[in-house]
Amino acid sequence: MTVDMSQFYEVFFEEAAEHLASMEGLLLKLDIDAPDADELNAIFRAAHSIKGGSGTFGFTDMTGVTHILENLLDKIRKGELALRQEMIDVFLEAGDVLKAQLDAHRSGGESVDEARIASVCAVLAKMTSEETAPATSSTPRQNAAPSADKTRFHLAFKRVAKSKLENLLRELAENGDLKVQEESGNEHLSLMFDTTMSETDLLELIQYVVSLKQVVLATGEIDPAEFARDAFGFFEGNPGAPEAPLVAEEDDGFGLFVSPAELKSQQEADDGFGLFEDAPGTEQIKQVEATADAAPIKPAAPTPKSTAAAPANTEGASIRVSVEKVDQLINLVGELVITQAMLAQTTANVDPTLYEVLLNSVAQLERNTRDLQESVMSIRMMPISFVFSRFPRVVRDVANKLGKQVELRTIGEGTELDKGLIEKIADPLTHLVRNSLDHGIESPEKRIAAGKDPKGTLTLRASHQGGNIVIEVSDDGGGLSRERILAKAKEKGIPVSDSMTDQEVWLLIFAPGFSTAEVVTDVSGRGVGMDVVKRNIEGMGGRVELDSKTGTGTTVTIRLPLTLAILDGMSVAVGNEVFIIPLNYIIESLQPAEHDVKTVASEGRVVNVRGEYLPLMAVHSLFNIKPKTTDPSKGILVIIESDGNKAALLVDELVGQHQVVIKSLETNFRKVRGISAATIMGDGKVALILDMVALVRMARK
Amino acid sequence: MSEPSMSSAQISNDAGREFLTFTLGNEEYGIDILKVQEIRGYDAVTHIANTPAFIKGVINLRGVIVPIVDLRIKFNLGTAEYNPFTVVIILNVAGRVIGIVVDGVSDVTILSSAQIKPPPELTSSLDTQFIQGLGTMDDRMIILIDIEALLMSPALELIDA
């Protein structure tokens, strides 16, 4: 093989993983009593694509499993076998095995337990053969029915010298049962071939010897006689035609190849008519149609490998780009935004009457830059369905294990958020979902006793609220028990009082170490590692809230910033320095009256804000800056809140509100107390972003 | 600090190695030219509170936040003045970008191993462990420092302890 296949491995891995995910999703959606034909076909196609790909790349273990899987799926989609619950279970298990195999190939790690593979394959094969024999033995073509894991191929060679074929025939005979059906002269040969080999393998093997143009290959469904006739029809008639059945076989590659072209021609047609109404548009359409026609023949004929690579190049309307490239693009746009801001600042001082054109161009540049930034940022945005899609399976498995009946509802799957957040949110969400299933939703008996539907409901809801994305995990279970949590807290020595509000009580379960196994079991008091969940989410710049009502359920709400790269900030001036305060921590800004500021023990200052005494922190003293004023009644107090605790920050003045690009200080430097990151202002100077969580903590010490 | 950096700094062949030389007060120092990214002026430094005086702050170097260390303050050499002629050498060390402020950049010098003498044992504010050798050229003495080891040392407080 002259082509280095390893360069395509990554594409295969990603695609196979996607196929597996879509297969799983479809399986879980499938209505067992009345399966939808389209869905069955989609599952079959997914399995088939994995088989084809793994065969091409020589991952024969995966080919083996998918092949057996495909056989059963094929029977089901043709209606030869009725779909049963066990089948779905086995399919899911097979999907897991494939996933494990895929991971093993990907990481080059240890291979999957043979016994597990064998048992899944055995169950699949058993199901396939079980009812096949009686159901189909009447049809003549099953006379020499291939055994469960074999596929029947019909091969016809055209204009190939027999001497040339001998080696190939010997090779084929080693891989399966070969029967010569028709021989005419030296140059035509028609074969029937039962084999465990995948179609792709077979094609590759044949390709060593003869050009694929000289071969017609079909799988077992075609009636041999008809096939032979067809084949001959093709041979005698049109020399170009033998490619057609071959192409049809490569159904996924073919489908993928044509559809975008068709899609495009459709689009072009729309565009064309909308824009021109006449000749130029139609001409374009014709061109596109012409390419669409040409496309299927070209890739299929010369090399079967192209079908493996083709999906990557022509896949729907999306392209694969490495994350680094996108990040680089985002960085560059960030630079552009800064440069644009510098330009705007410089031109703000020129005489508008003299430089009207310049000023107009700068304004235009600003608009363009903003649009560009928005579109570039949106590249990183992905719908949250990427995370939600894993939960049907989690819910199903956990609920089965716990003997509970749970229905999962997902709302707002289309809500988009940053890819980085998507990756990080998956674990905390899984944790919350498992918690809800384990401790939230009661067993069917308990639910019936409580007068509820025996089937519990777990709802995942995502939505945008302002600059935040809000994700809710809610269940209609038993809710948290206030008494138990308070009792546990007392036992743990956490200072609590019976007069605490519910909200404060619920927050206790986020305390580290609060959630030990004995608290949580049998009580609704969820919280295994809730502190970890909270820490993870706060690490992403988000917040967790919990609301619960005994007897009716619990809702955990996660609020996250839309992206990790940009932050809405308020810039404040202290002396000659400018700092950024993240906007989502700010409650309000005010200038206190002199008598509202008091001292405690003649040192610590507090400020009375509408009856509430808040600790007062002067930013200038925290950062050793010479301020314009040390008198709170002459400066501005920014009231901030973190973790439910409030504090007042004294600054000289508010400068403005901006979106800032977050730049890590730690890349080239180290962590600085009270500073979370840095950013670059319009004038090119670096401004530091205040770490609200740390500041509030400092204030309370 | 780390083995590879020390050994790469060892002078092994006689073709000579290139050093960027700069002055701190009356002394002349040399650093491996391969660690140098660029040389620029000193401006728009954002001060960072609660850091030692020799950490001047951070600058925006084309979108990258780069900390600036004033070696003159660190080693009590020369006068720490900041004017349009103050020079910052931007270095690439241990995967980080760090700027150092010096009195002035002299030139790029090629030193062969014969021209480099081992450093004498002495006490100075610059720990001898960071001195790779003393280069001699005509009547100049160039103190060759292992800038990577120096900047990564805990004393400089540039990295998380």
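Residues numbered from 1 in each chain as written. Chains lettered and ligands numbered in written order. Predicted model: local features only at pLDDT ≥ 70, side-chain atom pairs only at ≥ 80, totals over all residues.

## Notes on the overall build of chain B
Then, in step 1: Check the secondary structure of chain B and you find 3 helices and 11 strands.
Then, in step 2: Secondary structure elements in chain B, listed N-terminal to C-terminal, are α-β-β-β-β-β-α-β-β-β-β-β-β-α.
Then, in step 3: Looking at the 161 residues of chain B, the share that counts as buried comes to 37%.
Then, in step 4: Within chain B, contacts between residues separated by at least 24 positions form 59% of all contacts whose residues are at least 6 apart in sequence. (Helix = DSSP H or I, 4+ residues; strand = E, 2+ residues; numbered from the N terminus. Buried ≥ 20, exposed ≤ 12 C-beta atoms within 10 Å, placed from the backbone. Contact = placed C-beta atoms within 7 Å.)

## Things to note about the overall build of chain A
Then, in step 1: On a plain count of helices and strands, chain A comes out with 25 helices and 22 strands.
Then, in step 2: The proportion of buried residues among the 701 residues of chain A is 34%.

## As for helix α17 (residues 391-402) of chain A
Residue and element names in this part refer to chain A.
Then, in step 1: For α17, built from 12 residues, the straight-helix expectation of 16 Å at 1.5 Å per residue is met to within 8% by its first-to-last C-alpha distance of 16 Å.
Then, in step 2: Those residues of α17 that fall on the buried side of the exposure criterion are F391, V395 and A399. Angular distribution of buried residues about the axis of α17 spans 55°; they occupy a single face of the element. Summarising the geometry of α17, the exposed residues directed more than 90 degrees from the buried face are N400 and K401.
Then, in step 3: Immediately downstream of α17, the backbone of G403 shows phi near 65°, a positive value. (Expected span 1.5 Å × (residues − 1). Arc of directions from axis to C-beta.)

## Focus: the sheet that holds strand β22 (residues 686-690) of chain A
Backbone-to-backbone hydrogen bonds join strands into a sheet, with any given pair of strands oriented parallel or antiparallel.
Residue and element names in this part refer to chain A.
Then, in step 1: Ordered by their spatial adjacency, 5 strands build an open sheet running β20-β12-β13-β22-β21, and the pairing between neighbours is mixed. Each having just a single partner strand, β20 (653-661) and β21 (675-680) make up the two edges of the open sheet. Averaged over all pairs of adjacent strands, the angle between their axes in this sheet comes to 35°, without regard to strand direction.
Then, in step 2: Alignment of β21 against β22, held across 5 bridges, turns out to be antiparallel. When the sheet's bridge partners are listed, T679 is paired in β22 with A687. (Pairing = 2+ DSSP bridges. Axes fitted to C-alpha atoms, helices over the stretch in contact; angles between N-to-C directions.)

## A few points about the confidence of the model for chain B
Residue and element names in this part refer to chain B.
Then, in step 1: Counting all residues, the mean pLDDT for chain B is 83, and 88% of those residues have values of 70 or more.
Then, in step 2: Predicted confidence for residues 1-12 stays below pLDDT 50, and this span has 14 contacts to residues more than four positions away or in other chains.
Then, in step 3: Scored as a whole, the predicted complex attains pTM 0.50, and scored at its interfaces, ipTM 0.82. (pLDDT = per-residue confidence, 0-100.)

## Regarding the packing of helix α18 (residues 419-440) of chain A against helix α23 (residues 530-539) of chain A
All names here are of chain A.
Then, in step 1: Their axes nearest at 10 Å, the elements α18 and α23 cross at an angle of 155°. Taken together, the axis directions place α18 and α23 in an arrangement best described as roughly antiparallel. Along this stretch, α18 crosses α23, giving a crossing that reads as left-handed. Contacts between α18 and α23 involve K424, D427, P428, H431 and L432 from the first element and V533, N536 and I537 from the second.
Then, in step 2: Tallied by class, residues from the contact of α18 with α23 come to 4 nonpolar, 2 polar and 2 charged. (Parallel < 35°, antiparallel > 145°, perpendicular 65-115°, else oblique. Left-handed = near helix turned anticlockwise from the far one by under 90°. Nonpolar A, V, L, I, M, F, W, Y, C, P; charged D, E, K, R; others polar.)

## Examining the environment of L408(A)
Residue and element names in this part refer to chain A.
Then, in step 1: Take L408: it is sitting in strand β6 (residues 405-411).
Then, in step 2: By C-beta crowding, L408 is classed as buried, having 20 other C-beta atoms within 10 Å.
Then, in step 3: Distance from L408 to L460, taken between C-alpha atoms, is 7.6 Å for residues 52 residues apart in sequence.
Then, in step 4: Filtering out sequence-adjacent residues up to four positions away, L408 remains in contact with F391, P392, V395 and L458.

## Digging into the sheet that holds strand β11 (residues 553-561) of chain A
Residue and element names in this part refer to chain A.
Then, in step 1: Taken in spatial order, the 5 strands line up as β6-β8-β9-β11-β10 in an open sheet, and their pairing is mixed. The open sheet is flanked by β6 and β10 (543-549), the only strands paired with a single partner. Here the strands of the sheet are splayed against their neighbours by 15° on average, with no regard to which way each runs.
Then, in step 2: Sheet analysis places β10 next to β11, joined by 7 bridges and oriented antiparallel. Residue D547 lies in a different strand from β11, and its bridge partner there is T555.

## A short note on helix α3 (residues 60-77) of chain A
An α-helical turn contains 3.6 residues, so any two residues separated by three or four positions project in the same direction.
Residue and element names in this part refer to chain A.
Then, in step 1: Along its 18 residues, α3 runs 25 Å from first to last C-alpha, staying within 8% of the 26 Å computed at 1.5 Å per residue.
Then, in step 2: With 14 of 18 residues buried, α3 is to be regarded as a mostly interior element.
Then, in step 3: With its phi angle positive at about 80°, G79 sits one or two positions after the end of α3.

## Focus: unusual backbone geometry
Then, in step 1: A positive phi angle, near 50°, is found at N624(A), a position not held by glycine.
Then, in step 2: C-beta crowding within 10 Å serves as the criterion here: with 11 such atoms nearby, N624(A) is assigned to the exposed category.
Then, in step 3: A positive phi angle, close to 50°, is found at D138(B), a residue other than glycine.
Then, in step 4: Relative to the helices and strands, D138(B) resides in the loop between β10 (131-137) and β11 (140-145).
Then, in step 5: The class for D138(B) is exposed, based on 5 C-beta atoms found within 10 Å.

## Here's the deal with the interface of chain B and chain A
Then, in step 1: Listed per partner, the contact involves 21 residues of chain B and 23 residues of chain A.
Then, in step 2: The set of elements that each furnish at least two residues to the side of chain B that touches chain A consists of β4 (55-61), β5 (64-70) and β7 (96-102) of chain B.
Then, in step 3: Per-element accounting of the side of chain B that touches chain A gives the leading share, 4 residues, to β5(B).
Then, in step 4: Considering only residue class, the side of chain B that touches chain A consists of 13 nonpolar, 5 polar and 3 charged.

## Quick look at the environment of K78(A)
Then, in step 1: Mapping K78(A) onto the fold places it in the loop between α3 and α4 (85-107).
Then, in step 2: Taking the C-alpha atoms as reference, K78(A) lies 8.9 Å from A37(A); in sequence the two are 41 residues apart.

## Brief notes about the nonpolar core
Residue and element names in this part refer to chain A.
Then, in step 1: With 84 residues, the main nonpolar core has F579, I581 and L649 as its most contacted residues.
Then, in step 2: Apart from residues no more than four positions distant in its own chain, F579 is found in contact with V572, V574, V619, A687, L688 and L690.
Then, in step 3: Among the nonpolar cores identified, the runner-up in size contains 36 residues, and F388, A399, L432 and I471 belong to it. (Core = buried A, V, L, I, M, F, W, Y, C linked by C-beta atoms within 7 Å.)

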